[in-house]
Amino acid sequence: MSFDDETQDIITRTGHRVRLRLYRDEDYQNVRDLFMYCMGTGPGAPRETALKDQLHQPFARTTYSLFTVGLALAIRPSLPRAISSAICNVFSLLPLPVQKLISKSGIQRILDYLRPSRLFPNLLKQRRWPLILSALSAGLFFTYMAFINYAFLGYCKDTLAGDLKDIGGRYQSPEALKKGGQFWVIEDVDKGTIAACLGLDTFGPTPELRRMCVDLSYRRLGFGNLLINGLLTHVLKHNARCAPELRVTDIILETSSYQPGAIGMYERHGWLVEKKKLAAWYVHGLYMVYMRRKMDVTYL
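Residues numbered from 1 in each chain as written. Predicted model: local features only at pLDDT ≥ 70, side-chain atom pairs only at ≥ 80, totals over all residues. Heavy atoms only, no water.

Trainee: So what's going on with the overall build of the protein chain? Residues and values would help.
Mentor: Of the regular secondary structure elements, the protein chain holds 12 helices and 8 strands. For the protein chain, the accessible area works out to roughly 17000 Å², and carbon and sulfur atoms hold 60% of it. (Helix = DSSP H or I, 4+ residues; strand = E, 2+ residues; numbered from the N terminus. Areas by Shrake-Rupley, 256 points an atom, 1.4 Å probe, with all protein chains shown as cover.)

Trainee: Help me get a handle on helix α1 (residues 28–41), residues and values and all.
Mentor: With 14 residues, α1 extends 18 Å from end C-alpha to end C-alpha; this agrees with the ideal 20 Å at 1.5 Å per step. Looking at α1, one finds that the buried residues are Val 31, Arg 32, Leu 34, Phe 35, Met 36, Cys 38, Met 39 and Gly 40. Contact partners of the buried residues in α1: α2 (46–54), α8 (128–160), α9 (167–171), β3 (182–188), β4 (193–201) and β5 (208–214). (Expected span 1.5 Å × (residues − 1). Buried < 20%, exposed > 50% of the residue type's maximum accessible area, 1.4 Å probe, protein only. Contact = heavy atoms within 4.5 Å.)

Trainee: Residue-level account of the layout of surface pockets, with values.
Mentor: Here the largest pocket defines a volume of roughly 1200 Å³. Of all the secondary-structure elements, those providing two or more residues to the lining of the largest pocket are α1, α2, α8, β5, α11 (223–241), β6 (250–256) and α12 (260–268). (1 Å grid on protein atoms, 1.4 Å probe; cavity = no way out; pocket = protein on both sides within 12 Å on 5 of 7 lines; lining within 4 Å. Points joined across faces, edges and corners; volume = space filled by probe spheres on them.)

Trainee: Describe in detail the packing of α1 against α8, supporting the description with residues and values.
Mentor: In a pair of packed helices, the angle between the axes and the distance between the axes together describe the arrangement. Relative to each other, α1 and α8 sit at 160°, their axes nearing to 9 Å. Comparing their axes, α8 and α1 come out roughly antiparallel. When you trace α1 past α8, the crossing you get is right-handed. Residues Arg 32, Phe 35, Met 36, Met 39, Gly 40 and Thr 41 of α1 pack against Leu 153, Tyr 155, Cys 156, Thr 159 and Leu 160 of α8. Grouping the constituent residues of the contact of α1 with α8 by class yields 7 nonpolar, 3 polar and 1 charged. (Axes fitted to C-alpha atoms, helices over the stretch in contact; angles between N-to-C directions. Parallel < 35°, antiparallel > 145°, perpendicular 65-115°, else oblique. Left-handed = near helix turned anticlockwise from the far one by under 90°. Nonpolar A, V, L, I, M, F, W, Y, C, P; charged D, E, K, R; others polar.)

Trainee: Can you lay out the packing of aromatic side chains for me, pointing to particular residues and giving the numbers?
Mentor: Two descriptors summarise a pair of aromatic rings, namely the distance from one centre to the other and the angle between the planes of the rings. For the coordinates displayed, the defined rule picks out 10 aromatic pairs. With a centroid separation of 5.6 Å and an interplanar angle of 55°, the aromatic rings of Tyr 64 and Phe 141 are classed as tilted. Of this pair, Tyr 64 sits in helix α3 (residues 58–75) while Phe 141 sits in helix α8, and the two are 77 residues apart along the sequence. Ring centres of Trp 281 and Tyr 282 lie 5.5 Å apart, and the angle between their planes is 90°; this geometry places the pair in the edge-to-face category. Put simply, the rings of Tyr 23, Tyr 171 and Phe 183 pair up and form one aromatic cluster. (Phe/Tyr/Trp six-rings, centres within 6.5 Å; stacked < 30°, edge-to-face > 60°.)

Trainee: Can you explain the pairing of β3? Please cite residues and give values.
Mentor: Consecutive residues of a regular strand have side chains that alternate between opposite faces of the sheet. Counting buried positions along β3 yields 7 of 7 residues, so the element is predominantly enclosed. Direction of pairing for strand β2 (residues 17–22) relative to β3: antiparallel, over a ladder of 5 bridges. Residue pairing in the sheet places Leu 20 in a bridge with Ile 186 of β3. Bridge count between β3 and β4: 7 bridges; the pairing is antiparallel. By the bridge assignment for β4, Gln 182 is matched with Leu 200. In this antiparallel pair of consecutive strands, β3 and β4, the connection spans 4 residues, and Gly 192 shows a positive phi of 70°. (Pairing = 2+ DSSP bridges.)

Trainee: Any chance you could break down α12 for me, citing the residues and the numbers?
Mentor: Taken as a whole, α12 has its buried residues at Ala 262, Ile 263, Gly 264, Met 265 and Tyr 266. Those residues of α12 that are buried are in contact with β5, α11, β6 and β8 (287–294). Among the residues trailing α12, Gly 270 stands out with phi positive, at a value near 105°.

Trainee: Can you break down the pairing of β5 residue by residue, with the values?
Mentor: For β5, the tally of buried residues reaches 7 of 7 residues, placing the bulk of the element in the interior. Summarising the sheet, β4 and β5 pair through 5 bridges and their orientation is antiparallel. What sits directly across from Asp 201, in β5, is Glu 208. In sequence, β4 turns back onto β5 through a hairpin of 6 residues. The pairing of β5 with β6 spans 2 bridges and is parallel. Looking at the pairing, Leu 209 lines up with Leu 253 of β6.

Trainee: Account for the pattern of salt bridges, naming residues and giving values.
Mentor: Once their charged atoms are close, side chains differing in charge can pair, the charge on each being opposite to the other. The tally for this structure, following the rule as stated, stands at 13 salt bridges. With its nearest N and O atoms 3.5 Å apart, the salt bridge here joins Arg 292 to Asp 250. Of this pair, Arg 292 sits in strand β8 while Asp 250 sits in strand β6, and the two are 42 residues apart along the sequence. Taking relative accessible area as the criterion, Arg 292 reaches 25% and is therefore assigned partly exposed. (Salt bridge = Lys/Arg side-chain N within 4 Å of Asp/Glu carboxyl O.)

Trainee: I'd like a rundown of the nonpolar core, residues and numbers included.
Mentor: Judged by nonpolar contacts, the single largest core of 30 residues is most densely connected at Leu 209, Met 212, Phe 223, Leu 231, Ile 251, Tyr 266 and Trp 271. For this core, the secondary structure elements donating two or more residues are β2, β3, β4, β5, α11, β6, α12 and β8. With residues up to four places along the chain from it excluded, the contact list for Trp 271 reads Leu 209, Ile 228, Leu 232, Ile 251, Ile 252, Leu 253, Tyr 266, Met 291, Arg 292 and Arg 293. If you look at the next biggest cluster of nonpolar residues, it comprises 17 residues, including Cys 38, Leu 160, Tyr 171 and Cys 213. (Core = buried A, V, L, I, M, F, W, Y, C linked by side-chain atoms within 4.5 Å.)

Have a look at this one:
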């Protein structure tokens, strides 16, 4: 399906009447809002996925532990002494040969030296230090999460100030159209809002599929497949009518490991993973995934 000529109305299985068409200048703010919602502020966005994923990572678990220890010591300052006593009681219950082995190996002396009451004789008598430990660990955790949140929202703002600052000029200028560039939207006719969008950016040396966004309310209705099929049909038509040097032979794209559904959809449409690159050392599990699809031009 191609959107190069006439618009086409479609009734989805949920009863939505949507229209597949080319981008118009009046769609500008709706497309920008859709991108910000899908990538940054909406439920299920990569930002939200990243923040949830960090809750189970080593750094977060360490701050949880420090917070709990500090709180426990503030509530019960005698807790370290009770733990030391428990360790001594366990030691006394061990068989005599095992006790002798531990004593000879020096483990007993190490345990005695590492007793909290011996290492911090005055520290544990004051409730403020455990509370400071809890406060610092909580502060580290929330600062870390705020930093990740800021990084993702910063990416969204950079995009809005980049190719989405002038969508028509970037994707539909005479030079872009000459190389096969275009930008498409799916409009909810009844609501007058943009439900999905997709662009083919020819600004760089290799055409790139960019800004694939589908509103959460319209997901799993096949909108992503419709847009990609339309893009591929558009490229085939472009290759058939343009000069050989302007043909699109490859289409690249860049996505993230926090979007496995999108990666699977691209693979079903012929894109192959070229490489994966760590996106940010401070965000656990975040990799940029670079994909490429070859276009057949041998028949032309």
